[in-house]
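Okay, here's what each chain looks like letter by letter:
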Amino acid sequence: MSKVVEISPTTRHEGHSKLVLKINDAGIIETGNWCSITPVRGVEKLAVGKTPEQVPKIASRVCGICPIAHTLAATEAMEASIKCEIPKDALMLRHILQMANRLHSIALHDILILPDLYLPGTETKINPFTAEEPVRTVAKRIQRIREIGQTIGQIAGGDCIHPRNTKVGGMYRNVSEQAKTKMHDLAKEGLTLAKPQMDLMIAILRNYQGRESVDVGGMKVNMPKTLGYHNQGYMATHPFYGSSSLEEHPTWDMDRFKEVRPWDWYMGECTVDFEEPKYPIGGTTKVGTVCNPQMEACTGIPLYDGQPVEVGPRARLVKFKHYDEKGTVGQNIAREMEYMDSLYEMLDKIDALNTNGKVLADHIPDGDGSLGWASNEAPRGTDVHIARVKDWKVQYFSMLVPTTWNFATCSAALTGAPWQLAEVIMRGYDPCVSCATHMIVVDEDNKIVAQKLIQ
Amino acid sequence: MLYSEIVIAGCGNPLFADDGFGPAVIEEMQNLQLPDNVTIIDAGLGGPHFIFTLLDPEVTKKLIIVDIADYGAEPGSITKLRVEDLPPGAYRDAHSWDLAEPLQRIKDQIEITIIGVQPARVTAPEFELGLSEELQTAIPKAIRVILEIIGVDYGTIIERLQEDRQRGTAESSGSVKTS
């Protein structure tokens, strides 16, 4: 008979989320619901009436971990709406910023997943904070890669967390020749560190994949060969950067997108009737607790061609590089493979950057009310912003952030896995939950139905 | 090195009204000429994962965090706090790997001061832009406290900033204005 177990809150990611799992007698997940429990907010509402310069700044504040992706996507959505093409060198600087952000994010994700994994050939799980070798050297290397990513981002973007250099119409300023040389040197140093880091992580992940069983809080859990498999399909708009409605051949189609209510997709009210106090950290939710994922989930379910899809590193590799490995390990390996991609792409763009070139468009239109969208391939997936600007005022703004796409897909991927490994599957998506919380939900007839949640 | 000997981080979210105080102080400080060993940074919500977990104690000796703190005082009042004074979870890394707090990890190696200002209005989870008047006024006060800690004598400039603000001629700093 099925039992319900709840892991709340989930750890080692941004924001608040939980897992509600219906499991069979063997502890295998029959139905998994991964949902955001961050309260509904209203960035789209707040943006209306603001100038196109203000909205990217607002968008960058909805999340502590993806401000660069949101700044770029929102800025470019404004540019798409007002039909403003930016100079080539401004685009180069944005590409460099984008790749620097991705480099930092992959390294950070390494720290987050290492505690789930084993030192190959041992029964020791990896504590990235230990002072003992060989982990200490690896941790230092990860920190240096993060530092390189942030420093390059700071040079190209003006600030490494909330970039100040981006502007509707291009960038405020170009960088100096010396700064370009510094970015180049740092990226070269990054290459020498990222290659062994990628090789090591792939070896550790392959070792994990090949294990018969793993230990979770003292419980021996058999490792399924299909950990994290799903058949939901993938969505990516560019191997590195993004796309927009301004392009001649955009790689995302708004007509194929639809968002539906969480209560069509998640389980209804259920009572927790299984608990495990040994589960890290602090055990699972107590028996008798009532949960209702349908009503507690704070996100809509975005569909592309009528289905939830996976976004992120694997989606990019599947779409643009014929990568085909499924499952959680395949997903994490795809992320590791992006280390080198992001550095080589960054070096290409640094080489292509003319530090004497102009970085701001000569003419920045006020906007005629056309709908424009821009996608940004954020570290954790496709971040699409949609905007309508008229007379230099934003009339409509919406954000479709990566983790929103992944919620339903990851929920499908939980089926068939031991419940103790649900968080391992979830972490493969490198989730960022707080900005995934959405406000407007439409039903199948495209009518807005969830505004009551906001009021 | 990304961060220098002294790091000043403004934390908080300008989308939650007075929670934008930290970033607003940093924006104001960007107009000042500071010594080369000082890094000022608008940390937003990213303090734990972008800064506190990336400081090198061999380089960074002093960390000053500017943020709001509810300690029951009049709105706009400023206090200095130590890491020990913070409620648990105040700077828990959002990527909470083992629920340890990054400031606890580094506090013995880096001198940490938290400049806390009493907010008048924090609207989370609802978005609202703009600082309350009390906190606008507290910006130059906070800057003066920071400059005192880092040993920079800025003479009358800070006073002037405050006077300008009171006359209403200075651009309001920090979060994006609503109109």
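Residues numbered from 1 in each chain as written. Chains lettered and ligands numbered in written order. Predicted model: local features only at pLDDT ≥ 70, side-chain atom pairs only at ≥ 80, totals over all residues.

### A look at the overall build of chain B
When helices and strands are tallied, chain B shows five helices and five strands. Helices and strands in chain B line up, N terminus first, as β-α-β-α-β-β-α-β-α-α. The burial tally for chain B puts 46% of its 179 residues in the buried class. Across chain B, the fraction of contacts at a sequence separation of at least 24, relative to all contacts at a separation of at least 6, is 79%. (Helix = DSSP H or I, 4+ residues; strand = E, 2+ residues; numbered from the N terminus. Buried ≥ 20, exposed ≤ 12 C-beta atoms within 10 Å, placed from the backbone. Contact = placed C-beta atoms within 7 Å.)

### Side note on the overall build of chain A
Tallying secondary structure elements over chain A gives eleven helices and 15 strands in all. The C-alpha radius of gyration of chain A comes to 22 Å, within 12% of the 23 Å expected for a compact globule of 455 residues. Judged by the C-alpha coordinates and their principal axes, chain A covers about 65 × 55 × 35 Å. Relative to its full complement of 455 residues, chain A shows a buried share of 55%. Pairs at least 24 apart in sequence give 74% of the contacts found in chain A among residues at least 6 apart. (Rg over C-alpha atoms; globule rule 2.2 N^0.38 Å.)

### A closer look at the interface of chain B and chain A
The interface of chain B with chain A comprises 23 residues on the first partner and 32 residues on the second. When residues of the side of chain B that touches chain A are traced back to their parent elements, those giving at least two are β2 (38–44) and α2 (47–52) of chain B. Residues of the side of chain B that touches chain A, tallied by class, amount to 14 nonpolar, six polar and three charged. (Nonpolar A, V, L, I, M, F, W, Y, C, P; charged D, E, K, R; others polar.)

### What about the pairing of strand β14 (residues 381–390) of chain A?
Residue and element names in this part refer to chain A. Burial analysis of β14 places nine of its ten residues in the buried class, the great majority of the element. The sheet contact formed by strand β13 (residues 368–378) and β14 spans nine bridges and is antiparallel. Bridge pairing in β14 places Gly 372 opposite Ala 387. Between β13 and β14, which pair antiparallel one after the other, the connecting turn spans two residues. As paired elements, β14 and strand β15 (residues 393–400) share seven bridges and run antiparallel to each other. Counted as the bridge partner of Arg 388 is Tyr 396 from β15. Adjacent in sequence and paired antiparallel, β14 and β15 are bridged by two residues, among which Asp 391 carries a positive phi angle near 50°. (Pairing = 2+ DSSP bridges.)

### Observations concerning the nonpolar core
The nonpolar side chains of soluble globular proteins are, as a tendency, buried together. Residue and element names in this part refer to chain A. Ile 96, Ala 422 and Ile 425 are the most contacted members of the largest nonpolar core, which has 168 residues in total. When residues in this core are grouped by element, the largest group, 14 residues, is from helix α4 (residues 88–113). Leave out the neighbours within four places in its chain, and Ile 425 touches Leu 227, Gly 228, Thr 328, Cys 410, Ala 413, Leu 414 and Ala 417. (Core = buried A, V, L, I, M, F, W, Y, C linked by C-beta atoms within 7 Å.)

### Remarks on the environment of Gln 420 of chain A
Residue and element names in this part refer to chain A. One can find Gln 420 in the loop between α10 (402–414) and α11 (422–427). The spatial distance from the C-alpha of Gln 420 to the C-alpha of Met 337 is 27 Å, given a sequence separation of 83 residues. If near-sequence neighbours (up to four positions away) are discounted, Gln 420 is found in contact with Val 216, Met 219, Val 221 and Tyr 279.

### Comments concerning helix α1 (residues 21–29) of chain B
Residues and elements named next belong to chain B. Within α1, nine of the nine residues are buried, which leaves the element mostly enclosed by the surrounding structure. Residues of α1 that are buried include every one of Phe 21, Gly 22, Pro 23, Ala 24, Val 25, Ile 26, Glu 27, Glu 28 and Met 29, and no others. In the core, the buried residues of α1 are packed alongside β1 (6–11), β2, β3 (62–68), β5 (111–117) and α4 (133–150).

### Quick word on the sheet that holds β13 of chain A
All names here are of chain A. If you walk across this open sheet you meet the four strands as β8-β13-β14-β15, and the pairing is antiparallel. Across the chains shown, the open sheet's two edge strands, defined by having one partner strand only, are β8 (242–244) and β15. Direction aside, neighbouring strands of the sheet carry axes that sit 15° apart on average. The strands that helix α3 (residues 67–82) touches are β8, β13 and β14; relative to β13, the one it contacts most, it runs at about 150°. α10 contacts β13, β14 and β15 of the sheet and is inclined by roughly 130° relative to β14. (Axes fitted to C-alpha atoms, helices over the stretch in contact; angles between N-to-C directions.)

### Some points on the environment of Cys 432 of chain A
Residues and elements named next belong to chain A. Checked against the element boundaries, Cys 432 lands in the segment after α11. Among the residues examined, Cys 432 registers 28 C-beta atoms within 10 Å and is labelled buried. Along the primary structure Cys 432 and Ile 65 are separated by 367 residues, whereas in three dimensions their C-alpha atoms are 7.4 Å apart. Apart from residues lying up to four places away in sequence, Cys 432 is in contact with His 13, Glu 14, Gly 15, Cys 63, Ile 65, Cys 66, Arg 380 and Thr 403.

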